[in-house]
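Survey of secondary and tertiary structure
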Amino acid sequence: MVALSLRAQNIGIDLGTANTIVYLENEGIVTREPSVVAKNIVTEEIIAVGQNAFDMIGRTPENIVAVRPMKDGVIADYNTTTAMLKYFVQSIVGRSFFKPIVMICVPSGITDVEKRAVLDATKYAGAKEAYVVEEPFAAAVGAGLPVQDPTGSMIVDIGGGTTDVATISLGGIVNSQSIRIGGDELNEAIVLHVRKKYNLLIGERTAEDLKIQLGSASVEKSSAYGSMQVRGRDMVSGLPRIIEVEAVEIAEAMSEIITQIIDAVRDVLEQTPPEIASDVIDHGIVLTGGGALLRNLAEVISDYTQVPAFVANDPLDCVALGTGKILANPLLMKK
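Bear in mind that the values here come from a model prediction, so they are computed numbers and not experimental data.

Focus: the overall build of the chain
Counting its regular elements, the chain contains eleven helices and 18 strands. Computed over C-alpha atoms, the radius of gyration of the chain comes to 21 Å, within 12% of the 20 Å expected from 2.2 N^0.38 for 335 residues, which places it in the range of a compact globule. Within the span of the chain, comprising 335 residues, buried residues form 52% of the whole. Of all intrachain contacts in the chain linking residues separated by at least 6 positions in sequence, the fraction that spans at least 24 positions is 62%. Here the chain displays about 15,400 Å² of accessible surface, and carbon together with sulfur accounts for 51% of that area.

Examining the packing of helix 4 (residues 135-142) against helix 10 (residues 318-327)
Relative orientation of the contacting elements helix 4 and helix 10 amounts to 85°, with a least axis distance of 6 Å. As far as their axial angle goes, helix 10 and helix 4 are roughly perpendicular. In this structure, helix 4 contributes E135, F137, A138, A139, V141 and G142 to the contact, and helix 10 contributes C318, V319, L321, G322, T323, K325 and I326. Among the residues forming the contact of helix 4 with helix 10, the class breakdown is eight nonpolar, three polar and two charged.

A closer look at the packing of aromatic side chains
Going through the model one piece at a time under the given rule, you end up with one aromatic pair. Taking the centre distance of 5.2 Å and the plane angle of 70° together, the rings of Y87 and F88 count as edge-to-face. Residue F88 is classed as buried on the basis of its relative accessible area, which comes to 1%. It is R295 that lies over the ring of Y225; its NZ or CZ is 4.6 Å from the centre.

Reading the values: the criteria
- Residues numbered from 1 in each chain as written.
- Predicted model: local features only at pLDDT ≥ 70, side-chain atom pairs only at ≥ 80, totals over all residues.
- Heavy atoms only, no water.
- Helix = DSSP H or I, 4+ residues; strand = E, 2+ residues; numbered from the N terminus.
- Rg over C-alpha atoms; globule rule 2.2 N^0.38 Å.
- Buried < 20%, exposed > 50% of the residue type's maximum accessible area, 1.4 Å probe, protein only.
- Contact = heavy atoms within 4.5 Å.
- Areas by Shrake-Rupley, 256 points an atom, 1.4 Å probe, with all protein chains shown as cover.
- Axes fitted to C-alpha atoms, helices over the stretch in contact; angles between N-to-C directions.
- Parallel < 35°, antiparallel > 145°, perpendicular 65-115°, else oblique.
- Nonpolar A, V, L, I, M, F, W, Y, C, P; charged D, E, K, R; others polar.
- Phe/Tyr/Trp six-rings, centres within 6.5 Å; stacked < 30°, edge-to-face > 60°.
- Lys NZ or Arg CZ within 6 Å of the ring centre and 35° of its normal.

This is how it looks when you write it as structure tokens:
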């Protein structure tokens, strides 16, 4: 927390469906917490935000719910999102008398109405001025790609609720596609698989653990990752039960979602001007976001597109780091 500064430091926020990452001018990443809010549904009082709220998921009494106010990368619950933003902004600004300038990231495919909702929520949360930047552009800047040069770059940002694919040159997006598919859909596919095959109900957090521990974008290579014990509730008896799940099952369960991500990459490549496509072949496709951490994903994308693909350094932080670099660069801010 910053106390009584002479001026407010600029803030960049990656407001994601799964996680919110905050960049503070001159300090770097200062907050990385789940985009979750726990509130009392009777009194509308906010009980907890971030990690504390995430720890309550599935464990709350009837009068308290732990919710994700963002859905598919956009605001699903305006009031709750505003409360969450206010928590993050004020925890950074502290007791400064000066309101900060805030840049917040949005998926490339959102509507003007959805963009306005983000700006309004950010200003209500305490920003002096609020700007939005498209996530793939911020991710490209954060990944260190030469976005201002007359050289084509391609970025694939896989978040919790959306996947943004874009080609970038001369400080702008040449073409892009945003699909409302991401890590959350991979988790849902795992939940559905376990329910269908084992008659076992598991929660979102268990599915996330399975994805992290066993997940692979390649079914052929997934057998190398072994198996994992999973606890859940038997749908027939209603009692707790433990099963053993193989990595190959998880890869097969996620394969349809991964195919849709690859299709989006291919669609953008097909729409890309030949000169930029040539640059992308030379420099490769860069993967960012939490989804980029899925094993073998870069290799699978490369196999399907015949274009080199690799994961950026610090893929989880690229978007937030990009907002900070844009705020500090007047030329990028103008664009």
